[in-house]
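What follows is each chain in one-letter form.
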4 protein chains.
Amino acid sequence: MTGTPSVFAGLDARLPALRELYQDLHAHPELSFQEVRTAGIVARWLREQGWDVTEGVGGTGVVGVLRVSDGPVVLLRADMDGLPVLEATGLPYASTRTGVDADGNEVPVMHACGHDMHVTCLLGATALLAADRDAWRGTVVAVFQPAEEVSGAQAMIDDGFAERFPRPDVCLAQHVGPIPAGTAATRPGAVMSASDSFAVRLFGRGGHGSAPENTVDPVVMAAAVVMRLQTVVSREVGANQAAVVTVGSLHSGTKENIIPDTAEMKINIRSSDPAVRTRVLAAVERIVRAEALAADTPKEPEFTSLNSFPLTLNDPDATATAVAGLGSVLGKEQVWTLPQPIMGSEDFGAFGSAMGVPSVFWHFGGADPGLFPDPDPASLVGGGLPPGVAYNHSPQYAPLQDPTIELGVRALLGAAGQWLGIRTS
Amino acid sequence: MTGTPSVFAGLDARLPALRELYQDLHAHPELSFQEVRTAGIVARWLREQGWDVTEGVGGTGVVGVLRVSDGPVVLLRADMDGLPVLEATGLPYASTRTGVDADGNEVPVMHACGHDMHVTCLLGATALLAADRDAWRGTVVAVFQPAEEVSGAQAMIDDGFAERFPRPDVCLAQHVGPIPAGTAATRPGAVMSASDSFAVRLFGRGGHGSAPENTVDPVVMAAAVVMRLQTVVSREVGANQAAVVTVGSLHSGTKENIIPDTAEMKINIRSSDPAVRTRVLAAVERIVRAEALAADTPKEPEFTSLNSFPLTLNDPDATATAVAGLGSVLGKEQVWTLPQPIMGSEDFGAFGSAMGVPSVFWHFGGADPGLFPDPDPASLVGGGLPPGVAYNHSPQYAPLQDPTIELGVRALLGAAGQWLGIRTS
Amino acid sequence: MTGTPSVFAGLDARLPALRELYQDLHAHPELSFQEVRTAGIVARWLREQGWDVTEGVGGTGVVGVLRVSDGPVVLLRADMDGLPVLEATGLPYASTRTGVDADGNEVPVMHACGHDMHVTCLLGATALLAADRDAWRGTVVAVFQPAEEVSGAQAMIDDGFAERFPRPDVCLAQHVGPIPAGTAATRPGAVMSASDSFAVRLFGRGGHGSAPENTVDPVVMAAAVVMRLQTVVSREVGANQAAVVTVGSLHSGTKENIIPDTAEMKINIRSSDPAVRTRVLAAVERIVRAEALAADTPKEPEFTSLNSFPLTLNDPDATATAVAGLGSVLGKEQVWTLPQPIMGSEDFGAFGSAMGVPSVFWHFGGADPGLFPDPDPASLVGGGLPPGVAYNHSPQYAPLQDPTIELGVRALLGAAGQWLGIRTS
Amino acid sequence: MTGTPSVFAGLDARLPALRELYQDLHAHPELSFQEVRTAGIVARWLREQGWDVTEGVGGTGVVGVLRVSDGPVVLLRADMDGLPVLEATGLPYASTRTGVDADGNEVPVMHACGHDMHVTCLLGATALLAADRDAWRGTVVAVFQPAEEVSGAQAMIDDGFAERFPRPDVCLAQHVGPIPAGTAATRPGAVMSASDSFAVRLFGRGGHGSAPENTVDPVVMAAAVVMRLQTVVSREVGANQAAVVTVGSLHSGTKENIIPDTAEMKINIRSSDPAVRTRVLAAVERIVRAEALAADTPKEPEFTSLNSFPLTLNDPDATATAVAGLGSVLGKEQVWTLPQPIMGSEDFGAFGSAMGVPSVFWHFGGADPGLFPDPDPASLVGGGLPPGVAYNHSPQYAPLQDPTIELGVRALLGAAGQWLGIRTS
């Protein structure tokens, strides 16, 4: 493919609407599986463009199908959910919304992972594809997935996704991240890490804060667990192996002078190698159990799985094809090969796995290129970010609106165009 | 005083009503400064008995005054508040209520410290005193204090207590505890420890759980603080000095894969010696600050005082008098001298301090005597409890209804009788 | 007894020799069971005074017997050993000696616990008793015990002490400490704490410092044990219970880049109550084992008992007698009653226990009285020392030579005189 | 180069002598800078073969020069020192020797890093080169370096190495390791990590083990440091960044009941990226200082540098040349490209750096190939070793004598032959 795909002809004219859409989504984030407003906007937009729309797939998921001819079927996926983070971007369209989380607590909500950008870009692409149906062939399945943060892809699959929609030849998805706007980054094979999350309940024995000798203090037990868990990565994972053990949440007690009965932790484990994953999971459980023994726990700790994301694997051939397509729109040198898997995780791979179809997942830049004195794909896999660039999930995270929206639309169509044979002018 | 005080004549007849009152109070605990229902019951009861009643003293406090003659003025105080504990006593009248705590969270509420028993016994005593006004002389000021758990006595004092009510010659109060029903325990001098509580907010820098290197993890910071705080008592307090450092509450984060920005702790410190108190408070602050430095905190920890209880000091002469009175109703050998101050704290001393009046505070038993193979006052000051006996503030704590109500009434009147000259029959 | 015992007549004349003796002993400390030079000096001195001397009792122990008549038999005991401490007193007669400890290491040696003072005072008393045999009646058994720091009393008993020497009516011993010279302090019942010491060997699996994932790091395991052991006193011992858990020695590894195979710890536990002792010992073992599990140890930790001192119990009647004797020479108000047992331990009780004879143990002051603005027996049991006063076992510890030698001789004879009927002039 | 280099003709005949030499060296390891016996053997061997020998270079270093013609100059380097490890290989020629380390302690000594194999292979190569001088051209500089474990290369350079010996065109060195005998592994660019080691002295304040409140306990302080240091790698180093922080040695105290004055630690830090190195070094110092503050240290910790190894960088062109030479003797598929730098460190790079000459460093296998079900270069960089294979520096480490000696000689000559033009038959 050379030249400019004709479908891009209408992009400039649509940018004001896409910006408005993006700001509206950003200001109205919704927690996982609660994306009702977002799904409504998506469905309306798709219908207006003439797509065949199915709502309520796997809860709040929306699937649009547009068939212009026989030929290749390409699945394009965007995720829709926000996070329980208190936004601190200072943007005029910053979120001030709250939601009720799975534990029944009211929490702030923010699009701290850029899923609003994913939705915007895919809706932009669907509009261009619908507006110029002669420019390509085959079928596009546009998937707006709920609850990526908690494995919502599986909910769509469990809801009959494979049987209800055309079987794709390839599944494509992109994620915005803290690399310079205008770049993309991916790699064949493992591209995103495995992630295993579970809750741990530690059991102490409560009592008056002045008489610890009559209690088993779960706050101290939990603190000992947290400190000892640091040794998993520091001592049981080699320097050239990749793993992260994060205790993202720790809650125990209500009053200063009552020793509580229990402590609750939520632990997330990342790994990019199956043997390391096995060892780390075992070490975490071993440490939790042993530290409870050390505390003379009256009851064994309880482990509850929260979610589990496998390694996200890019099909090597499909990746080469997608990279060529990305290069055609972003410039070949702007498409980076990641040296290692990123430690973040994704449930996008669930679609390809469930249907036996190759997938490709790539990152695209949303950060101000002027902040990167020395742009380097390693920054995505752990090389550190330049000052002023925030990481996904932080209260400061937001991609630049421009040119990220435009380039995200182009990237999607550039990659998909390799299968859809999008005509160039 | 020998023989049975005549005021006790009516006690048997009133016990069914006192039991009903107790069970009702127990089933309807209210959090500190929210004792609206309890205060209403108290005020109605006092009025029915002919006491002069003032409501709303220091928030929800109630003061009853009964003057039968010139002569001694005795202040008797009961505290009214419950605790945010989920009751696990299995009693038929166990609390199933919740309340909204000072942080706006809905929490279970339980009379886990026996304040319902204090109210019941003092209401029993007020009824007997009112029913037999010839049997004694002087004035009784019955104080139903809110919020003992968070220094509610000070609120009553700040509300003009000293100016609005008769100045007492002595202030008396009793607390039910895990010693055998039928016993009482006290000591001259320091009887309850000092307690200092504060909240600590630790500042990290949030981010994605997979990239801790871009964050400062407040969960790890808090765990390090908790572990290091253990060294205050283990290394900086002598074996023959008494101090407790309890982190009763630790909260950080919401999701497993988001490293949060902050961690919140509530710390309670007990001590029974001013020099030890000074050292321990300094050590706790030093450790919190140093552990935050070790974590490379972006912001110094914030300390917020929650409450502060001084040493509760029993006037030696008044204590000897009260002990004699307690012995007259419980049996002399049933009134124990505590070898050391109890590590629990009280704000009762605030009344005496504010008015320059001697106070006496004692404990009375609420536990099944059959569970104590070897009754020992040391069990109250740290000697350990026999199996089956729960400590105040635990979800299992509840005094035996009988004979605790009856003996609690007798104890109050036995002690007060030494000043009021209650006639014996 | 009133007036001055006639045996004291010669004390002034002997002080120069006693000072010289003290300085010589101080400058030549010997480790436990290596007190060869000290024992030689003791034996020579006793023989010169006409005592019946037996050397080599329980290793390096020396026993002198002087019988002047039928009648009471009093055992007086002094301990002889120094400690592996590098002296930092700056005294002109400070030790610069080294010794070889039980592990074969060359270590500095210092009389950091004042045993040189004990020997000096007892030798002074033996001289006075020998010089004035008409002034008293009965028999004195002067015991110069080796290795108090490691339970050397038992070695003397195992060597047939009870069978080889006259059975005493009472056993007396004194210990110099950081209270004002001129005072003594003791109590009936428990006067010194129980002490249990053991070595722990932790097993890791060594390897290259760059590849911890192929090892089990015993340094981290040991650190986790030490940190978690702090929770025994902070959480499992009540504020009014007395216990200390000290890891006095921790050794692991040789080079920075080799992860070692093992770590070695020496742990000392003090307690003044049998139930607390049982709980603390169990907690320490539980924690060591659990922390080894947490570390995935290839081999269970090994525990080796080092020594064990029981509670030192003062016979109440004999204590009253001895206190009267001490008061007669020091002044009644200078003899303090300790409020609680001291956390230090002693093996002196082994003599009385082995022979079924009452014992009395007291402390006498060696510190400059001018440094104590507010002398208080609590300073010995944990109230903190004034600036400039060092505690036994510290590199700065040394009693004042004067008047400690003189007063120590007087205290010994004052107490013993109650049994020996020392004539007063 | 194809065919067998003629210099190998004599290898079979020399193997018995090389095995004897190897066993003798293995049984007689010497600590760093104490390689007197080893150096003597080396010098004698070289002289017997006709090399020009200089002894005492940089202490115990030996340099042999053999010039057969004009032409390329190749430096071949072997290191000679053993380690303070107690050998546990069970080999008939296992070391039972001890040495006196830099701190004056007697320690066991073992060739736990295979330097004896390095010396043996280089001596084998020197013999073959000397025996067949027509088979090659140019000059070989054979360097037998002392004290690789503590940067002994720098001592040779400081002793005028560059000025005293022919300037090489390339510097070559090899290291035996736990990969299958018959394989070699290297990579262009960073091949070995940076290593920074320092000693830390922590200051407490000693005293009696029963009175921790009068002390600052350095054992607890050190334990807190060790635990908190684990957070450097777990929280401050990204999963895809490589760093190791090892506390290889921790020593404090002598007796269980004396709280010591100080604790001594030796820390080793590995990193394969300069920015990560900077951050980790700063974090370690920050944590040590903050933990000392938390302990209320009377004196700031002291840091003493022990040694510092830079990244070992392989010249890309020279590496390609050397790899070709290794492939010609081991088989091309037996020469692996390492995916990442090894976390171990080397001072070999000092020669090339000092003289501005390209270097190549490679690993060669010493482990039983039968133990590797799935040989993988990742095992060297952190993929884990199969059961039965020990890592360098462990008490179990020893390369297989056969075929490692033979293959090590071949590898050296295969690589060097690319420059020396070794004739093949």
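Conventions we followed
- Residues numbered from 1 in each chain as written.
- Chains lettered and ligands numbered in written order.
- Predicted model: local features only at pLDDT ≥ 70, side-chain atom pairs only at ≥ 80, totals over all residues.
- Heavy atoms only, no water.
- Helix = DSSP H or I, 4+ residues; strand = E, 2+ residues; numbered from the N terminus.
- Rg over C-alpha atoms; globule rule 2.2 N^0.38 Å.
- Buried < 20%, exposed > 50% of the residue type's maximum accessible area, 1.4 Å probe, protein only.
- Contact = heavy atoms within 4.5 Å.
- Areas by Shrake-Rupley, 256 points an atom, 1.4 Å probe, with all protein chains shown as cover.
- Lys, Arg positive; Asp, Glu negative; His and termini not counted.
- Charge placed at Lys NZ, Arg CZ, Asp CG, Glu CD.
- Buried area = accessible area lost by both parts, 1.4 Å probe.
- Polar contact = N/O pair within 3.5 Å; in protein donor to acceptor, adjacent residues only side chain to side chain.
- Nonpolar A, V, L, I, M, F, W, Y, C, P; charged D, E, K, R; others polar.
- Pairing = 2+ DSSP bridges.
- Salt bridge = Lys/Arg side-chain N within 4 Å of Asp/Glu carboxyl O.
- Expected span 1.5 Å × (residues − 1).
- Least-squares fit on C-alpha atoms with pLDDT ≥ 70 in both.
- UniProt positions renumbered as here; feature names shortened; annotations may be inferred.
- Disulfide = S-S within 2.5 Å.
- Core = buried A, V, L, I, M, F, W, Y, C linked by side-chain atoms within 4.5 Å.
- Axes fitted to C-alpha atoms, helices over the stretch in contact; angles between N-to-C directions.
- Parallel < 35°, antiparallel > 145°, perpendicular 65-115°, else oblique.
- Left-handed = near helix turned anticlockwise from the far one by under 90°.
- Domains from an automatic or database assignment.
- Phe/Tyr/Trp six-rings, centres within 6.5 Å; stacked < 30°, edge-to-face > 60°.

Even after reading the chapter, I still don't get the overall build of chain A, so can you show me in this structure?
When its secondary structure is counted, chain A shows 10 helices and 18 strands. The C-alpha atoms of chain A give 23 Å as radius of gyration, which agrees with the globular expectation for 425 residues (22 Å, within 12%). Sorting the 425 residues of chain A into buried and exposed places 66% on the buried side. Taking as baseline every contact in chain A between residues at least 6 positions apart, the subset at least 24 positions apart corresponds to 83%. When the accessible surface of chain A is split by element, carbon and sulfur atoms take 51% of a total near 13,400 Å². Taken as two groups, the 28 positive and 47 negative side-chain charges of chain A have centres that lie 3 Å from each other.

I would appreciate a short explanation of the interface of chain A and chain B in the present structure.
Buried accessible area, meaning the area lost when the parts come together, often serves as the stated size of an interface. Taken together, the contacts link 55 residues of chain A with 55 residues of chain B. Interface area for chain A against chain B, summed over the two sides, is near 4,500 Å², with a carbon-plus-sulfur share of 61%. There are 13 residue pairs in polar contact (both at pLDDT 80 or more) connecting chain A and chain B. For the side of chain A that touches chain B, the elements supplying multiple residues, two or more each, are strand 11 (207-208), helix 6 (218-235), strand 12 (243-252), strand 13 (258-259), strand 14 (262-271) and strand 15 (302-309) of chain A. Per element, the largest residue contribution to the side of chain A that touches chain B is 8 residues, and it comes from strand 12 of chain A. Split by residue class, the side of chain A that touches chain B holds 24 nonpolar, 24 polar and 7 charged. Pairing analysis gives 3 bridges linking strand 12 of chain A to strand 12 (residues 243-252) of chain B, with the strands arranged antiparallel. When the bridges of strand 12 of chain B are listed, A:Ser252 appears paired with B:Leu250.

How do you make sense of the interface of chain D and chain B when you look at a structure like this?
With 24 residues of chain D at the interface, the matching set in chain B holds 24 residues. Buried area between chain D and chain B, both sides added, is near 2,000 Å², and the carbon and sulfur share of it is 49%. Contact with chain B buries area across many residues of chain D, yet D:Glu213, D:Arg228 and D:Arg235 alone supply 34% of it, more than any other trio. On inspection of chain D and its partner chain B, the count reaches 6 salt bridges. A salt bridge links D:Asp296 to B:Arg286, with the shortest nitrogen-to-oxygen separation between them at 3.6 Å.

Even after reading the chapter, I still don't get helix 2 (residues 36-48) of chain C, so can you show me in this structure?
For an α-helix, the turn length of 3.6 residues means that residues three or four places apart are oriented alike. Residues and elements named next belong to chain C. For helix 2, which comprises 13 residues, the first-to-last C-alpha distance of 18 Å matches the rise-based estimate of 18 Å (1.5 Å per residue) to within 8%. Taken together, the buried positions of helix 2 are Thr 38, Ala 39, Ile 41, Val 42, Ala 43, Trp 45 and Leu 46. Of the surrounding secondary structure, the elements contacted by the buried residues of helix 2 are helix 1 (11-27), strand 1 (52-57), strand 2 (61-67), helix 3 (115-131) and strand 6 (139-145).

Quick question: what am I supposed to make of the relation of the copies chain A and chain B here?
Look at the two chain copies: a rotation about an axis and a shift along it is all it takes to match them. Rotating chain A by 180° and translating it 0.0 Å along the rotation axis places it on chain B, where the RMSD comes to 0.1 Å. Seen this way, the second copy is the image of the first under a two-fold rotation axis. Counting the interface residues of chain A, we find that 100% of their copies in chain B are interface residues as well, pointing to one common contact surface.

In this structure, what is going on with the UniProt feature "binding site: Mn(2+)" (unreviewed entry) in chain A? I would like to understand it.
All names here are of chain A. The UniProt entry lists Cys 113, His 115, Glu 149 and His 175 under the feature "binding site: Mn(2+)" (unreviewed entry), expressed in the numbering used here. Taken along the chain, the residues just named run across 63 residues; in space they keep tight, none of their C-alpha pairs more than 13.0 Å apart. You can see His 115 is positioned in helix 3 (residues 115-131). Residues in contact with His 115, not counting those within four places in the same chain, are Asp 79, Met 80, Asp 81, Glu 148, Glu 149 and His 175. A polar contact is formed between the side chain of His 115 and the side chain of Asp 79, at a distance of 3.4 Å.

Would you mind going over the state of the cysteines with me for this structure?
Here, disulfide denotes a covalent bond that connects the sulfur atoms of two cysteines. All names here are of chain B. Summed over the entire model, instances satisfying the criterion amount to 0 disulfides over all chains. Free cysteine: Cys 113, not disulfide-bonded; nearest cysteine sulfur from Cys 121 at 14 Å. Residue class for Cys 113 comes out buried when judged on its relative accessible area of 7%.

Help me understand helix 2 (residues 36-48) of chain A in this model?
Buried residues belonging to helix 2 of chain A abut helix 1 (11-27), strand 1 (52-57), strand 2 (61-67), helix 3 and strand 6 (139-145) of chain A. Looking one or two residues beyond helix 2 of chain A, the residue adopting positive phi is A:Gly50, at roughly 95°.

What am I meant to see in the nonpolar core here?
Proteins that are soluble and globular tend to have nonpolar side chains buried together. Grouped together as the largest cluster of nonpolar side chains are 140 residues, with contacts concentrated most on A:Val284, B:Ile267, B:Val284, C:Ile267, C:Val284 and D:Val284. Beyond its immediate stretch of four places on either side in the chain, B:Val284 contacts B:Phe198, B:Leu229, B:Val232, B:Val245, B:Ile267 and B:Ile269.

Can you walk me through the packing of helix 3 of chain A against helix 10 (residues 404-420) of chain A in this structure?
Angle between the axes and distance between the axes are the two parameters that describe a pair of packed helices. All names here are of chain A. Contact pair helix 3 / helix 10: the axes reach a minimum separation of 8 Å and the direction vectors enclose 55°. The orientation of helix 3 relative to helix 10 falls into the category oblique. Every pair of crossing elements has a handedness; the one defined by helix 3 and helix 10 is right-handed. The residues of helix 10 that touch helix 3, namely those facing Met 117, Thr 120, Cys 121, Leu 122, Gly 124, Ala 125, Leu 128 and Leu 129, are Thr 404, Ile 405, Gly 408, Val 409, Leu 412, Leu 413 and Leu 420. In terms of residue class, the contact of helix 3 with helix 10 is made up of 11 nonpolar, 4 polar and no charged.

Please explain the relation of the copies chain D and chain B as it appears in this structure.
Take chain D, turn it by 180°, move it 0.0 Å along the axis, and it overlays chain B with an RMSD of 0.1 Å. Take the interface residues of chain D: 100% of them recur as interface residues in chain B, which is what a same-surface contact looks like.

How should the pattern of salt bridges be read in this particular structure?
A side chain of one charge can pair with a side chain of the opposite charge when the charged atoms of the two come close. Taken as a whole, this structure holds 84 salt bridges over all chains when the rule is applied. One salt bridge in this structure joins B:Arg19 and B:Asp402, with 2.9 Å as the shortest N-O distance. Taken together, the residues B:Arg19 in helix 1 (residues 11-27) and B:Asp402 in the loop between strand 18 (359-367) and helix 10 (404-420) connect sequence positions 383 residues apart. On the basis of relative accessible area, B:Arg19 is assigned to the partly exposed category, the value being 27%. For B:Asp402, a relative accessible area of 34% gives the class partly exposed. For B:Arg289, the salt bridge identified is with B:Glu300, shortest N-O distance 2.6 Å. Here the residue B:Arg289 occupies a position in helix 7 (residues 274-294), and B:Glu300 occupies one in the loop between helix 7 and strand 15 (302-309), the gap between them amounting to 11 residues. Take B:Glu300: its relative accessible area is 41%, and that puts it in the partly exposed class. Through salt bridges with shared partners, a single ionic network connects A:Arg77, A:Asp79, A:Glu346 and A:Asp347.

I'm lost on the domain arrangement of chain A in this one. Help?
Residues and elements named next belong to chain A. Partitioning chain A into domains gives domain 1 (7-193 + 311-420) and domain 2 (194-309). Counting each side, the surface lost to burial between domain 1 and domain 2 is near 910 Å², with a carbon and sulfur contribution of 60%. For domain 1, the biggest contributors to the area lost against domain 2 are Leu 311, Met 343 and Ser 345; these three give 51% of the whole. Remark: the boundary between domain 1 and domain 2 carries 1 salt bridge. Across the salt bridge formed by Asp 103 and Lys 266, the nearest N and O atoms sit 3.4 Å from each other. The interface formed by domain 1 and domain 2 holds 3 residue pairs in polar contact (both at pLDDT 80 or more) in total.

It is not clear to me how the UniProt feature "domain: Peptidase M20 dimerisation" (unreviewed entry) in chain A should be interpreted in this structure. Could you clarify?
Mapped onto this numbering, the UniProt entry gives "domain: Peptidase M20 dimerisation" (unreviewed entry) at residues 197-293 of chain A. In residues 197-293 of chain A, helix accounts for 39% and strand for 32%; the two terminal C-alpha atoms are 23 Å from one another.

Help me out: how do you make sense of the packing of aromatic side chains in this one?
When we look at a pair of aromatic rings, we describe it by the centre distance and by the angle of the planes. Enumeration over the complete set of coordinates arrives at 20 aromatic pairs over all chains. Measuring from centroid to centroid gives 5.1 Å for B:Phe161 and B:Phe165, while their planes differ by 45°, and the two rings are tilted. By relative accessible area, which is 9% here, B:Phe165 ends up buried. On the basis of an interplanar angle of 35° and a centroid distance of 5.9 Å, the ring pair of D:Phe348 and D:Phe361 is categorised as tilted.

In this structure, what is going on with the sheet that holds strand 12 of chain A? I would like to understand it.
Strand pairing in a sheet relies on backbone hydrogen bonds. The paired strands run either parallel or antiparallel. Pairing is antiparallel across the open sheet formed by 8 strands, whose spatial order is 15(A)-10(A)-14(A)-12(A)-12(B)-14(B)-10(B)-15(B). At either end of the open sheet lies a strand with only one pairing partner, and these are strand 15 of chain A together with strand 15 of chain B. Averaged over all neighbouring strand pairs, the angle between strand axes comes to 25°, with direction disregarded. Across the sheet, helix 6 (residues 218-235) of chain B is in contact with strand 12 of chain A together with strand 10 (194-203), strand 12 and strand 14 (262-271) of chain B; its angle to strand 12 of chain B comes to roughly 170°.

Help me understand the sheet that holds strand 15 (residues 302-309) of chain D in this model?
Taken together, the 8 strands give an open sheet; going across it, the order is 15(C)-10(C)-14(C)-12(C)-12(D)-14(D)-10(D)-15(D), and neighbouring strands pair in antiparallel fashion. Taken across any chain shown, the strands that pair with only one partner, and hence form the sheet edges, are strand 15 (302-309) of chain C together with strand 15 of chain D. Strand-to-strand twist in this sheet, taken as the mean axis angle between neighbours without regard to direction, amounts to 25°. In this structure, strand 10 (residues 194-203) of chain D lies alongside strand 14 (residues 262-271) of chain D, joined through 10 bridges in antiparallel fashion. Across the sheet, the residue bridging to D:Leu202 is D:Ala263, located in strand 14 of chain D. Contacting strand 12 (243-252) of chain C together with strand 10, strand 12 (243-252) and strand 14 of chain D, helix 6 (residues 218-236) of chain D runs over the sheet at an angle of about 170° to strand 12 of chain D.

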